[in-house]
Amino acid sequence: MMNVFCKTLLASALATATLASAHAADPLTVYGKLNITAQSNDVNGDSETTIQSNASRFGVKGAFELSSSLEAFYTIEYEVDTGDDVKENFKARNQFVGLRGDFGSVAVGRNDTILKQSQGKVDLFNDMSGDIKNLFKGENRLAQTATYITPSFSGVKFGVTYAASGDSAQLEQDGYSLAAMYGDKGLKKSPIYASIAYDSDVKGYQVARATVQGKIAGFKLGAMYQQEEKVYAYDDNDVVNPFDGDSYTGYLLSASYTIDAIVLKAQYQDMENKGDSWSVGADYKLGKPTKLIAFYTNRSYENVANDDKFLGLGIEHKF
C-alpha cells in the first residue's frame, strides 16, 4: 500500500514538473519543512517522552501563464509524520488547482477555509502542542472546497470558501466561510494585519472570529476574539440533526520579541466551555532556513483534574 502511494506521489511530481518546464510563469517549486521535537508530554496524568513530527511536510507548486491576463496555479502538499511507527506517514494537506488574474483568484480542491487562512500568523505556536486548534473551532482543511479571493482594494481583500455537502466532514450540509482581511500577514509590507471572518455550517459549527496583529516598539503583538456555536450533530443513530447548543466565546493574546537571532514568544488562550492554555518559548535562528525550537505549554480543560503539560526542544529546517 505504501509503495503504491509513493509511486503515485512521485508520478504526480514528475508530471507537474514536465508541464511546468513547458508553460510555467514561475519555475516549479519543490518545498517543505521538517519540524522535529523531543518532548516530555504529561496528558491527563500520564507521562511519556516522544520524538515527534509537528506538521512536517513536502509539496510541489507552480504557475502557468495562459495569457497576458490569466494564470493557472496549483499546489500538491502532503504531511510527513516522521514519528509514525507503522510507516503510514503521509497525510493529504492542501491540494488544489486554480486560476488568477485581474479578477482575483479562484481555487478548487482540498484547502484551508478562508476563516482559517484569515488568522495570519497570530498563532505563535502553530502546529505545536500549543496550537489554537486545541481550544478553538474553525481550524478547518476540507476536501471539497472552492475559494475565491478578490484583488486588493487599498490593502483590503475579501474571500469566500464554499464547502460542498458531499464532503464527509460537512454533516450533509453546504457550508460557507467568509473573511475580510487588511494588510500583510507577515507584517513585512504593513505594520498591522487585521481580519474578520465567519463560518456558516462548516463541520457543524457557526464561528465568528476577529484577528489583529501589529508591530510596536520591537514587539509583535496579536489578539483574536472568537464566538462559536454547534448547529449540527449526529444523533445516536448516526443521523444528522440540528443541535440546539449554546454559543461560547474565547480569546487569544500573543507576543514575540526579537533579540538578534533569538525570538522570544508567549501566548495565552481561553475558551469558556473548554478551558485555557498558555505557552512560552524561544526560537534561535541558525540560518535563513534553520532554527532551534524550545517551548513549554500548559493546558487546563474544564472538569479535568490534571493539566496537560508539554515541554519540547527541537529543530526546524525549511527547503
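**Student:** Would you mind going over the overall build of the chain with me for this structure?
**Tutor:** Each helix and strand counted, the chain has two helices and 19 strands in total. Over its C-alpha trace the chain gives a radius of gyration of 20 Å, about what one expects of a compact globule, namely 20 Å for 319 residues. Taking the principal axes of the C-alpha coordinates as reference, the chain spans close to 60 × 50 × 50 Å. Buried positions account for 42% of the 319 residues belonging to the chain. Taking the contacts inside the chain whose residues are at least 6 apart along the sequence as the reference set, 51% of them involve residues at least 24 apart. Per element, the accessible surface of the chain, about 16,700 Å² overall, is 56% carbon and sulfur. Taking the average location of the 31 positive side-chain charges in the chain and that of its 40 negative ones, the two points are 10 Å from each other.

**Student:** What exactly am I supposed to notice about the nonpolar core here?
**Tutor:** Nonpolar side chains tend to gather and get buried jointly when the protein is soluble and globular. Ile 114, Leu 115, Ile 149, Ala 179, Met 181, Leu 187, Tyr 193, Ala 197, Tyr 205 and Val 207 form the largest nonpolar core, which has ten residues in total. For this core, the secondary structure elements donating two or more residues are α2 (114-117), β9 (175-183), β10 (192-202) and β11 (205-216). Residues contacting Met 181, with those up to four places away along its chain left out, are Ile 114, Ser 118, Gly 155, Val 156, Lys 157, Phe 158, Gly 159, Tyr 193, Ala 194 and Ser 195. Counting residues in hydrophobic clusters, the runner-up holds seven residues, among them Val 122, Phe 136, Met 224 and Leu 252.

**Student:** What should I look at first to understand the packing of aromatic side chains in this one?
**Tutor:** Given two aromatic rings, one states the distance between the centres and the angle between the planes to describe the pair. Evaluation of the coordinates by the stated rule reveals seven aromatic pairs. Note on Phe 219 and Tyr 257: the rings are 4.6 Å apart at their centroids and 40° apart in plane angle, and the pair reads as tilted. Of this pair, Phe 219 sits in strand β12 (residues 219-230) while Tyr 257 sits in strand β15 (residues 247-259), and the two are 38 residues apart along the sequence. On the basis of relative accessible area, Phe 219 is assigned to the partly exposed category, the value being 37%. Taking NZ or CZ as reference, Lys 61 lies 5.0 Å from the ring centre of Tyr 31, over its face. The ring of Phe 243 carries Lys 230 above its face, with NZ or CZ at 5.0 Å from the centroid.

**Student:** Even after reading the chapter, I still don't get unusual backbone geometry, so can you show me in this structure?
**Tutor:** Comment: phi is negative for the bulk of residues other than glycine, and the bulk of peptide bonds are trans. Positive phi, close to 55°, is recorded for Ser 154, a residue that is not glycine. Topologically, Ser 154 is positioned in the loop between β7 (141-149) and β8 (156-163). Note on Ser 154: relative accessible area 76%, which makes it exposed. Phi at Glu 172 takes a positive value of approximately 65°, unusual for a residue other than glycine.

**Student:** How do you make sense of the pattern of salt bridges when you look at a structure like this?
**Tutor:** Pairing between side chains becomes possible if they bear opposite charge and their charged atoms approach one another. Scanning the model with the defined rule gives 13 salt bridges in all. Lys 33 serves as the salt-bridge partner of Glu 316, at 3.6 Å between the closest nitrogen and oxygen. With Glu 316 in strand β19 (residues 308-318) and Lys 33 in strand β1 (residues 24-43), this residue pair connects regions lying 283 residues apart in the sequence. Both residues of the pair, Glu 316 and Lys 33, count as buried. Here Arg 100 and Glu 71 are joined by a salt bridge, their closest N and O atoms 2.7 Å apart. With a gap of 29 residues between them, Arg 100 in strand β5 (residues 90-101) and Glu 71 in strand β4 (residues 70-80) connect regions that are remote in the sequence.

**Student:** Where do I start with a positive patch on the surface in this structure?
**Tutor:** A cluster of basic residues, Lys 121, Lys 157, Lys 185, Lys 188, Lys 189, Lys 215, Lys 220, Lys 285, Lys 288 and Lys 318, forms a positive patch at the surface. Position of Lys 215 relative to the elements: it lies in strand β11. With relative accessibility at 44%, the residue Lys 215 sits in the partly exposed group.

**Student:** In this structure, what is going on with the pairing of β10? I would like to understand it.
**Tutor:** Consecutive side chains along a regular strand alternate between the two faces of the sheet. Here β9 runs beside β10; their pairing, made up of eight bridges, is antiparallel. Bridged to Met 181 within β10 is Ser 195. Here β10 pairs with β11 via nine bridges, running antiparallel. For Asp 199, the partnering residue across the bridge sits in β11 and is Val 207. Remark: two residues form the turn of the hairpin made by β10 and β11, two consecutive strands paired antiparallel; Lys 203 in that turn has positive phi of roughly 55°.

**Student:** Even after reading the chapter, I still don't get the environment of Gly 183, so can you show me in this structure?
**Tutor:** Mapped onto the elements, Gly 183 comes out in strand β9. Along the primary structure Gly 183 and Tyr 193 are separated by ten residues, whereas in three dimensions their C-alpha atoms are 4.6 Å apart. The residues touching Gly 183, leaving out its near neighbours within four places in the chain, are Gly 155, Ser 190, Ile 192 and Tyr 193.

About the cut-offs
Residues numbered from 1 in each chain as written. Predicted model: local features only at pLDDT ≥ 70, side-chain atom pairs only at ≥ 80, totals over all residues. Heavy atoms only, no water. Helix = DSSP H or I, 4+ residues; strand = E, 2+ residues; numbered from the N terminus. Rg over C-alpha atoms; globule rule 2.2 N^0.38 Å. Buried < 20%, exposed > 50% of the residue type's maximum accessible area, 1.4 Å probe, protein only. Contact = heavy atoms within 4.5 Å. Areas by Shrake-Rupley, 256 points an atom, 1.4 Å probe, with all protein chains shown as cover. Lys, Arg positive; Asp, Glu negative; His and termini not counted. Charge placed at Lys NZ, Arg CZ, Asp CG, Glu CD. Core = buried A, V, L, I, M, F, W, Y, C linked by side-chain atoms within 4.5 Å. Phe/Tyr/Trp six-rings, centres within 6.5 Å; stacked < 30°, edge-to-face > 60°. Lys NZ or Arg CZ within 6 Å of the ring centre and 35° of its normal. Salt bridge = Lys/Arg side-chain N within 4 Å of Asp/Glu carboxyl O. Patch = residues over 30% accessible without salt bridge, like charges linked within 9 Å, V, L, I, M, F, W, Y side chains within 5 Å. Pairing = 2+ DSSP bridges.

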